[in-house]
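Chain by chain, the residues:
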Amino acid sequence: MKHRHVGNHICTAAIAWICFLTIVVASEANPAAFRKLEEAALVQFENHCFDCHDGETKKGDLDLVLLLGKDNADSSIIFEHLITAKMPPKNKKHPSAEEKKLMLNWLAQRQAGRARDSYRRISRHEFVQSVNDLLGVKLDLTGEIPEDRGTNDFDSDRRIKLTREMLSSYFAATDAMLEFALPDKGFTPERTWVTNKIKDSHATYNIYTRPYKEGILFSWTRANNGNSYSFFYDNFDPPVPGWYELTFDAMKLGDFPEDVSIEVFAGKYYYADDRPQPQRLLDVISLGNREIKSHKVTVFLRPGENVSVHCYSKHNFRQKNGNQGAYIKQLKVRGPVLDQWPPISYRNIFGNLPLKVPAREHLRVSTSHTNLKAIGGSVTVSSFQEGMEKERMLDGSNRTFWHTRFKPTLAKPPHYVILENPAGKAIEGLNYATWSGGNGNGQVKSFAIHLSEDGISWGKPLMTGALEIRLASEQPILFPEKTTKRFIRFLVTDAHSLDGRSLASIGKLDVMASLPVNDSSQVISVADPSPEKLRMVIRNFAKKAFSSSLSDEELAPYYTVGLQSLEKGGDFVTATKAGLKAILCSHRFLMAPGEHKNDSYKIAADLARIFWLSVPDNTLLELAEKQQLSARSIPDQVDRMLKDDKSQAMIHSFCDQWLNLRSFNKIAPSLKLYPAYNDLLNHYLPLETEAYLNYLIQENLPIGHLIDSDFSILNQRLAQHYGIDGVIGQHLRKVNFEPSVPRGGLLTMGSVLKVTAAGFDTSPILRGAWISKNIAGNTLSAPPENIEVIEPEHGKQAVTLREQIEEHKKSQACYACHKSIDPYGFALENFDATGQWRTRYRVKKPHGGTFQYRPKGYYNLAGNVDSSGEINGAGFQDVFGLKQILLSDHRKIAYNFIKKLFEYANGYQPDLVQRLHLYAMIPDKPDQCRIKDLITKTLVYSLTGERS
Amino acid sequence: MKDISRKDFLKFGAALPFALHSLGLKAATKKNPPPQRIIFICSCLGFYAPYFFPGKREDLASSLYLKGMQTPEKMTIFGNLFHPGMDTSNHDSEKSFLTGSPSPESPTFVNGMSLDQVMAREMGGGTRFPFLNFSIYDRGWGISWNDRGSAIPPMHEEEKIFEMLFGEEDLRTRKLQLQNDQNILNNLHRDLAHLRIKGANAGKLDSYQAVIKELEIQLNHEKFWLNAEKPKVEKSLSDDPEFAFSTKLNNLFELAKLAFRTDSTRVITLSMDWIDGAIKVPGATGGWHSLSHHGGQANKIDQLSKIEIDTLRHFNRFLFEMDQIKEGNGTLLDHTTVVMGSNFGDASNHTCNNLPIIVAGGGYRHQVHTVLEKPTPLCNLYLELLHKHNIDKERFGSSEKDMGLLKG
């Protein structure tokens, strides 16, 4: 038999396969035909495989004769090696297309019909998304539900079982989401706040902000220990959990072309950097405008959190009184915002039932710098120095201060501050802070508090106390009991003095008073409640949730829950919530497939889960009711569903799982080696990958773009990371490159490169194995046991990692697998653990004493990167060469992609018969092999068993 | 799994080995051996090493700090334990004290699950509180991190902790919620029964039914605790305004002892967060943080040592009093593993090598002082503790293997 590379068969292969598959189906039912197939196939194995893989020669430690002789051995790996042309090896004789088909067919047939679970539970992401869509809210509680993936690749894996812990957290999550959508106590009024004041920060951070015009100028703030410090806005506290619209009136200051980025965080306020409370990055505002403009972001906040900002630019603004950075004139907050009034959730759940809806209230929250001002109070002082008047301790900032007079004459003690409380409000104490900065002169060490009704006669002190000096965070002074007296005198009995002069100074002084809080709420209720209306509401909801219309009998248990609540308490909304909770915790909702009236409903549910991680919409439900979802109509639906924004959920989920971006944050790049890696970059790297895959799918581009392309979806920060000039602004957009740029395609994307790095630096083996299995489509056996991990050593004296890995070549047993692993890893060694291009390795330098962050890092350059290698006899110099080799077999790439998609959608890997069908669907020509088409064909097949 | 009667549910759920017995002050009965407890204490500013580690091997008297310990035969001090990956962490190393996750200073750090939480999962089912977390300061992270990488906020107000453990509570809303949930489960059972008659996918129904049965047991467990009376305990907290820091630490140890004695919980963490401002202890007043960065100056070290001696005084008293409480065949201390340590080996330099670690109690055969040959991951000891508590894990954090350091 002549040597023929399988690739040459591609033209005729597809057609021949389709014909042959009909024979496949026939064989299933016919044992005699199967035996004939078996005999014919074994002849081929004899001719092409057994010479090397029998009991005597046993190449690669594989005895195929023995393996194929066993009835229940799993031949998946053999199948894969054969279909991707890994076997027979290049230099051996190859079966013809027909002969190969025989072999593959027989392998598939003997494993057909092996049992797998016929159901799975829905994943927590599908749960949260579905409930949000059903209720018409956006509340992300995925963090509250235990992760359920284990070591499996995909959430949908049928081997993952529903556990008590999961169900218990679904009960709790359902409660929270129902309460959020239909709150028992009603909705708080929508409020507006306007603020341009930030809370005090530790003195060392004060060089990064200063009052400027009407607001604050923020400059770059990478603190000296590598932490990004952010500044908290004062006078805004979210009263309830919900969505808040933040409008920043801001502009950029500076002569450079790049935008300045404002990172907006939510977190609990803390004073110094000793205890950064964890903060969430909410959004990024890209400032390019040099005139004030309003930038809006809508974010989710909880009570106790404050909004904070961090200004980032690649330029270093670390200087006092600088004039570069972000000028934020003010922050306006509106919230909690609702999509409409009454909220959409009521429409979704109660349909057209008449509701009793009070008018929506809007309040404007007045913000003043001090509580004292809020209660109408004022202050007088014993004396003051010009430029250090009493107002400076009432501006809510410890950067300015009041000081007793020392020029031209020294004011004599007693030094005091009298706070006036004209309205007689209840005051619980005082809040004191020293001036942050200076040499400590005048800072109060001890004090006495006196009360008076007339401001003249003071009597004995209410209390005395001591204060910390040199500590500029707020120090509360609690009175033994509340007072409503008109005058409160804060008398300085001792103050720190450097030269013995009698001085006193205060940075901030305010009263502690409970200010009246508006806690009105607006309850929406259903007019004329009745059991019939309740039944209707529950039936409608159940239809959407269960993706099926229900008979009265089927509905009964869920209706009963609601009815029992109605009969006990009487409130319609509460009864509805009880019924909805039963629906959302039911197996009909939590397990897939559920109980569907007909097959179309089942297909509708599957499609919605695959593309939207949610429940079907009305269009799908209508088609399902009419039983119109079939191999013919599904492609239109796929098209429609992909165009809907909700399909972003699938892109995100698929990238998370297939490319393991879920583990993106597991490794933190070393601050010594990668000092420029920051949270902004961390935020955008995965977004690039999602945006890219989304673009490929929406534009239906050829499959080769997974490996290589001349563009990516980038923004300013990502372009900086990749060394690409001319990208301004943080919004993601398509950027074309020159051919000399290695980017383009998944292999050279920062997110993929980071997630495949191990520990502090890269491991060619881990990366190579990952790329090989997940993108290139190779099938690798598990590594042998008892192999020790090799620690990377990049120093000049040490044996390089490459040299150590090349040892694999010396052993046949090792090289059999490693020839499909190492080369991929080597090609990517030009990319460090954050995905940046490198030609030399970096080695950490030790540091002495406390570690101080340095923007230049702590490393020495070490050996050169050698990214050459060879795959199947084809050599390459670097990743450019590797990409060309991979692109030469587009079918292998497509086949791998299809298998991953199938597994993502169905929760199990396709069995061998299914794989034959899937492979046959791949077009011959690379530019006809398009991603969206592949997705459609795969799903039509897996949902209906037919071809589209 | 066949149907179980409601009576059996209740029996199954309520017959937790120690639940009924623990309502009194004694946690053990003749039939059942006393349960194992564990407490982790982290001093976030460490201890001055020359005064902490015994100068002479095996001789506690050669340690300035530890020579006065009243239970020396039930303690082991370890030398040369550390967490890899902390060389640039500074104070952030606190986050990894009970997790061993590297690079906690990174802005994108995601922590692992802390040791106490892993243990609470297995050991926490039989008590009213699966675990308790205390701290001396309201701003700290604490040392307890859940499986989603979030810090579990500790409690620092002694009065509130006492109330929570032993005070009366209005639990009507929660009881109502439980009732509603039980109602839902009953109706779900109905639906399942109906589907079985119609011949729906038995495997799917079986697996779901098994889970809701487990959930019912959990609900009954909760209902049990809601209806059970809390133990009656005399309030023994002290109140000394002059030494507020010292008093708080004393009270927290006291609460820990009470919690263990009444079997209110079996897993506790106590985080001695560092305080930025000045504290006053007998013999010294000063900023704990600034003193801990003494830079080698003798007067600062002297002041610092007074603070550290004070904290260890409370530790000592805790061990001693636990050892006075008879339980089963030994004392409460014999059934409680006490791990006291720090994330810093040298707070002045912010280095995290040679961490000061003491393991006390637990009924092990203590060695007084064990110094490992080479720097060894502290997580090896943690892994061993998991095994000693019958929790079968192959690894924990940065562990390499279980070295059997605690014999017996």
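Since this is a predicted model, take the numbers as computed values, not measurements.

A. Structural detail: the side chain of A:Gln914. All names here are of chain A. With respect to the element layout, Gln914 can be found in helix α27 (residues 912-920). Among the residues examined, Gln914 registers a relative accessible area of 14% and is labelled buried. Dropping the residues within four chain positions of it, Gln914 is found in contact with Arg116, Phe902, Tyr908 and Tyr941.

B. Seen up close, the confidence of the model for chain A. The predicted model of chain A has a mean per-residue pLDDT of 88, with 93% of residues at 70 or higher. pLDDT under 50 marks residues 1-16 of chain A. Its contacts with residues more than four places away, or in other chains, come to 22 contacts.

C. Spatial organisation of the interface of chain B and chain A. If you look at the interface, chain B gives 50 residues, while chain A gives 60 residues. For the pair chain B and chain A, the summed buried area comes to about 4,700 Å², and 54% of that belongs to carbon and sulfur atoms. Considering only the side of chain B, the residues that lose the most area to chain A are B:Arg139, B:Lys204 and B:Tyr208, jointly responsible for 14% of the buried surface there. Inspection of the chain B/chain A interface yields four salt bridges. With a closest N to O distance of 2.8 Å, B:Lys204 and A:Glu595 form a salt bridge. The tally of links from chain B across to chain A stands at 14 residue pairs in polar contact (both at pLDDT 80 or more). When residues in the side of chain B that touches chain A are grouped by element, the largest group, 14 residues, is from helix α5 (residues 172-198) of chain B. Here the side of chain B that touches chain A is composed, by residue class, of 16 nonpolar, 18 polar and 16 charged.

D. Expanded view of unusual backbone geometry. All names here are of chain A. Look at the link from Pro413 to Pro414: it is a cis peptide, with omega at 10°. Residue placement: Pro414 occurs in the loop between β15 (402-403) and β16 (415-420). Put simply, Ala592 and Pro593 share a cis peptide bond, and its omega is -5°. The topology assignment puts Pro593 in the loop between β25 (591-592) and α14 (599-612). Within the chain, Asp528 stands out as a residue other than glycine whose phi angle is a positive 45°.

E. Looking closely at the environment of A:Gly570. By secondary structure assignment, the location of A:Gly570 is in the loop between α11 (552-569) and α12 (572-584). In the structure, A:Gly570 is positioned 313 residues away from A:Lys883 in sequence and 68 Å away in space, judged by C-alpha atoms.

F. Representation of the sheet that holds strand β17 (residues 427-433) of chain A. All names here are of chain A. Strand order in the open sheet formed by three strands is β20-β17-β23, with antiparallel pairing between adjacent strands. Because the sheet does not close on itself, it has two edges, and the strands there are β20 (475-483) and β23 (508-513). Pairs of neighbouring strands in the sheet enclose a mean axial angle of 20°, with direction left out of account. Bridge count for β17 against β23 is six bridges, and the pairing is antiparallel. Its bridge partner lying in β23, Ile427 is registered against Ala513.

G. Examining the pattern of salt bridges more closely. In the structure shown here, the tally under the stated rule is 62 salt bridges over all chains. Between B:Asp147 and B:Arg121 there is a salt bridge whose closest N-O contact spans 2.8 Å. Residue B:Asp147 is found in the loop between β3 (132-135) and α4 (158-166), and its partner B:Arg121 is found in helix α3 (residues 115-123); the two are separated by 26 residues along the sequence. Relative accessible area serves as the criterion here: at 34%, B:Asp147 is assigned to the partly exposed category. Since its relative accessible area comes to 46%, B:Arg121 is described here as partly exposed. For B:Lys257, the salt bridge is made with B:Glu321, and the minimal N-O distance between the two is 2.7 Å. A residue pair is termed long-range when its members are at least 10 positions apart, and B:Lys257 in helix α7 (residues 244-261) and B:Glu321 in helix α9 (residues 298-324) qualify at 64 residues. On the basis of relative accessibility, which here comes to 10%, the residue B:Lys257 falls in the buried class. A single salt-bridge network, built from bridges that share partners, covers A:Glu190, A:Glu245, A:Lys296 and A:Arg334.

H. Structural view of the domain arrangement of chain A. Residue and element names in this part refer to chain A. According to the domain assignment, chain A consists of domain 1 (1-114), domain 2 (124-186 + 520-595), domain 3 (190-337), domain 4 (371-511), domain 5 (598-644 + 889-948) and domain 6 (660-888). One C-alpha centre belongs to domain 3, the other to domain 6, and the line joining them spans 34 Å. Taken together, the contact between domain 3 and domain 6 spans 17 residues of the former and 16 residues of the latter. Roughly 1,400 Å² of surface becomes buried between domain 3 and domain 6 when both sides are summed, with 54% attributable to carbon and sulfur atoms. Here domain 3 is connected to domain 6 by zero salt bridges. Summed over the shared surface of domain 3 and domain 6, the number is three residue pairs in polar contact (both at pLDDT 80 or more). Elements represented by at least two residues in the side of domain 3 that touches domain 6 include exactly β7 (260-267) and β8 (280-287).

I. The arrangement of the sheet that holds strand β5 (residues 231-232) of chain A in detail. All names here are of chain A. The four strands lie next to each other as β5-β10-β7-β8, forming an open sheet whose pairing is antiparallel. Looking at strand neighbours, the two that pair on one side only are β5 and β8, the edges of this open sheet. Where β7 meets strand β10 (residues 306-312), seven bridges bridge the pair, whose relative direction is antiparallel. By the bridge assignment, Ala266 is partnered in β10 with Val307.

J. Seen up close, the nonpolar core. By size, the foremost hydrophobic cluster in this structure holds 97 residues, and its most contacted members are A:Phe45, A:Phe611 and A:Leu706. For this core, the element with the most residues is helix α26 (residues 890-906) of chain A, which contributes nine residues. Not counting residues up to four positions away in its chain, the partners in contact with A:Phe45 are A:Phe50, A:Leu64, A:Leu68, A:Ile78, A:Met103, A:Trp106 and A:Leu107. Within the second largest apolar cluster, 92 residues are counted, among which are B:Phe53, B:Leu132, B:Leu255 and B:Val339.

K. Looking closely at the packing of aromatic side chains. Considering all chains together, one arrives at 43 aromatic pairs over all chains under this definition. Plain terms: the ring middles of A:Phe154 and A:Tyr904 are 6.3 Å apart, the flat faces sit at 65° to each other, and that makes the pair edge-to-face. Placement of the pair is A:Phe154 in the loop between α6 (124-135) and α7 (164-181) and A:Tyr904 in helix α26, with a sequence separation of 750 residues. There is no split in this pair, since A:Phe154 and A:Tyr904 are both buried. Their ring planes at 20° and their centres at 5.4 Å tell us that A:Phe447 and A:Phe490 sit as a pair that is stacked. Of this pair, A:Phe447 sits in strand β18 (residues 444-452) while A:Phe490 sits in strand β21 (residues 487-495); the two residues are 43 residues apart in sequence, bridging distant segments of the chain. Each residue in the set B:Phe47, B:Tyr48, B:Tyr51, B:Phe52, B:Phe53 and B:Tyr65 is aromatic and connected to the rest through ring pairs, giving one cluster. In this structure, A:Arg489 is placed above the aromatic ring of A:Tyr416, and the distance from its NZ or CZ to the ring centre is 5.8 Å. The residue whose ring lies beneath A:Lys734 is A:Phe711, and the NZ or CZ to ring-centre distance is 4.7 Å.

L. Just the pairing of β7(A), in detail. Residue and element names in this part refer to chain A. Across the eight residues of β7, eight count as buried, placing the element largely inside the fold. Taking every second residue as pointing to the same face, both faces of β7 are buried, with Val260, Ile262, Val264 and Ala266 on one and Ser261, Glu263, Phe265 and Gly267 on the other. The pairing of β7 with β8 spans seven bridges and is classified as antiparallel. Bridge pairing in β8 places Phe265 opposite Leu281.

Conventions and cut-offs
- Residues numbered from 1 in each chain as written.
- Chains lettered and ligands numbered in written order.
- Predicted model: local features only at pLDDT ≥ 70, side-chain atom pairs only at ≥ 80, totals over all residues.
- Heavy atoms only, no water.
- Helix = DSSP H or I, 4+ residues; strand = E, 2+ residues; numbered from the N terminus.
- Buried < 20%, exposed > 50% of the residue type's maximum accessible area, 1.4 Å probe, protein only.
- Contact = heavy atoms within 4.5 Å.
- pLDDT = per-residue confidence, 0-100.
- Buried area = accessible area lost by both parts, 1.4 Å probe.
- Salt bridge = Lys/Arg side-chain N within 4 Å of Asp/Glu carboxyl O.
- Polar contact = N/O pair within 3.5 Å; in protein donor to acceptor, adjacent residues only side chain to side chain.
- Nonpolar A, V, L, I, M, F, W, Y, C, P; charged D, E, K, R; others polar.
- Pairing = 2+ DSSP bridges.
- Axes fitted to C-alpha atoms, helices over the stretch in contact; angles between N-to-C directions.
- Domains from an automatic or database assignment.
- Core = buried A, V, L, I, M, F, W, Y, C linked by side-chain atoms within 4.5 Å.
- Phe/Tyr/Trp six-rings, centres within 6.5 Å; stacked < 30°, edge-to-face > 60°.
- Lys NZ or Arg CZ within 6 Å of the ring centre and 35° of its normal.

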